[in-house]
Amino acid sequence: MNRRSLRENTFKLLYQSEFYNETDLPEQYDSFFKETNCSASDREYIENRVAKVREMTPEIDEKINKVAIDWKTTRMNKVDLAIIRLAIYEIEADEDVPTKVAVNEAVELAKTYSDEKSGKFVNGILAKFC
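The notes below deal with the structure included here.

Reading the values: rules and limits
- Residues numbered from 1 in each chain as written.
- Predicted model: local features only at pLDDT ≥ 70, side-chain atom pairs only at ≥ 80, totals over all residues.
- Heavy atoms only, no water.
- Helix = DSSP H or I, 4+ residues; strand = E, 2+ residues; numbered from the N terminus.
- Rg over C-alpha atoms; globule rule 2.2 N^0.38 Å.
- Buried < 20%, exposed > 50% of the residue type's maximum accessible area, 1.4 Å probe, protein only.
- Contact = heavy atoms within 4.5 Å.
- Areas by Shrake-Rupley, 256 points an atom, 1.4 Å probe, with all protein chains shown as cover.
- Core = buried A, V, L, I, M, F, W, Y, C linked by side-chain atoms within 4.5 Å.

A short note on the overall build of the protein
Turning to step 1, where the next piece is worked out: From N to C terminus, the protein includes six helices and zero strands.
Turning to step 2, where the next piece is worked out: The N-to-C order of helical and strand elements in the protein reads α-α-α-α-α-α.
Turning to step 3, where the next piece is worked out: Over its C-alpha atoms the protein spans a radius of gyration of 14 Å, differing by no more than 12% from the 14 Å that the globule rule assigns to 130 residues.
Turning to step 4, where the next piece is worked out: Each of the three principal axes of the protein carries a C-alpha extent, and together these read 40 × 30 × 30 Å.
Turning to step 5, where the next piece is worked out: Per-residue burial for the protein yields a buried fraction of 45% across its 130 residues.
Turning to step 6, where the next piece is worked out: Sequence-distant contacts in the protein: of pairs separated by 6 or more residues, those separated by 24 or more amount to 65%.
Turning to step 7, where the next piece is worked out: Looking at the protein as shown, the accessible area adds up to about 7,500 Å², and 47% of this sits on carbon and sulfur atoms.

Shown next as structure tokens:
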């Protein structure tokens, strides 16, 4: 799987994980990966990234809430929020992903998976982290 596909599947699993409690996640992950037909190494990569983002979520959300004028993470569209969380993780914790790439890819994900205004919204939030 290329990096874009890995990121896209990481986003999808991160988004999906928002709707289940911790004990249900292994079963949900198995179901997700049956549909994606990805390799064992791709699955490991995606699961590790999702785990790291989920671990950092309280810290990431605090940072988002500080810069998001008139918005709080509790009010944000869940798709946009998952995209922003992943991008902030990449910007702040993944040395392999340049900041511009993280932002650009996040905007593209928002344009694909959210509404027509989401690309600008995601870009506006992430611009404050650059």
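Next comes the rest of the write-up.
Looking at the nonpolar core
Turning to step 1, where the next piece is worked out: Ile64, Ile83, Ile84 and Leu126 are the most contacted members of the largest nonpolar core, which has 39 residues in total.
Turning to step 2, where the next piece is worked out: Breaking this core down by element, the ones donating at least two residues are helix 1 (3-17), helix 2 (25-36), helix 3 (40-67), helix 4 (78-93), helix 5 (99-113) and helix 6 (118-127).
Turning to step 3, where the next piece is worked out: No other element matches the ten residues that helix 4 contributes to this core.
Turning to step 4, where the next piece is worked out: Apart from residues no more than four positions distant in its own chain, leucine 126 is found in contact with Ile84, Ala87, Ile88, Ile91, Val103 and Ala106.

Details of unusual backbone geometry
Turning to step 1, where the next piece is worked out: A positive phi angle, close to 55°, is found at asparagine 37, a residue other than glycine.
Turning to step 2, where the next piece is worked out: Its location among the elements puts asparagine 37 in the loop between helix 2 and helix 3.
Turning to step 3, where the next piece is worked out: Its relative accessible area of 68% is what places asparagine 37 among the exposed residues.
Turning to step 4, where the next piece is worked out: Even without being glycine, aspartate 70 reaches a positive phi, approximately 65°.
Turning to step 5, where the next piece is worked out: Following the sequence through the fold, aspartate 70 ends up in the loop between helix 3 and helix 4.
Turning to step 6, where the next piece is worked out: In this structure aspartate 70 comes out as exposed when scored by relative accessible area, which is 67%.

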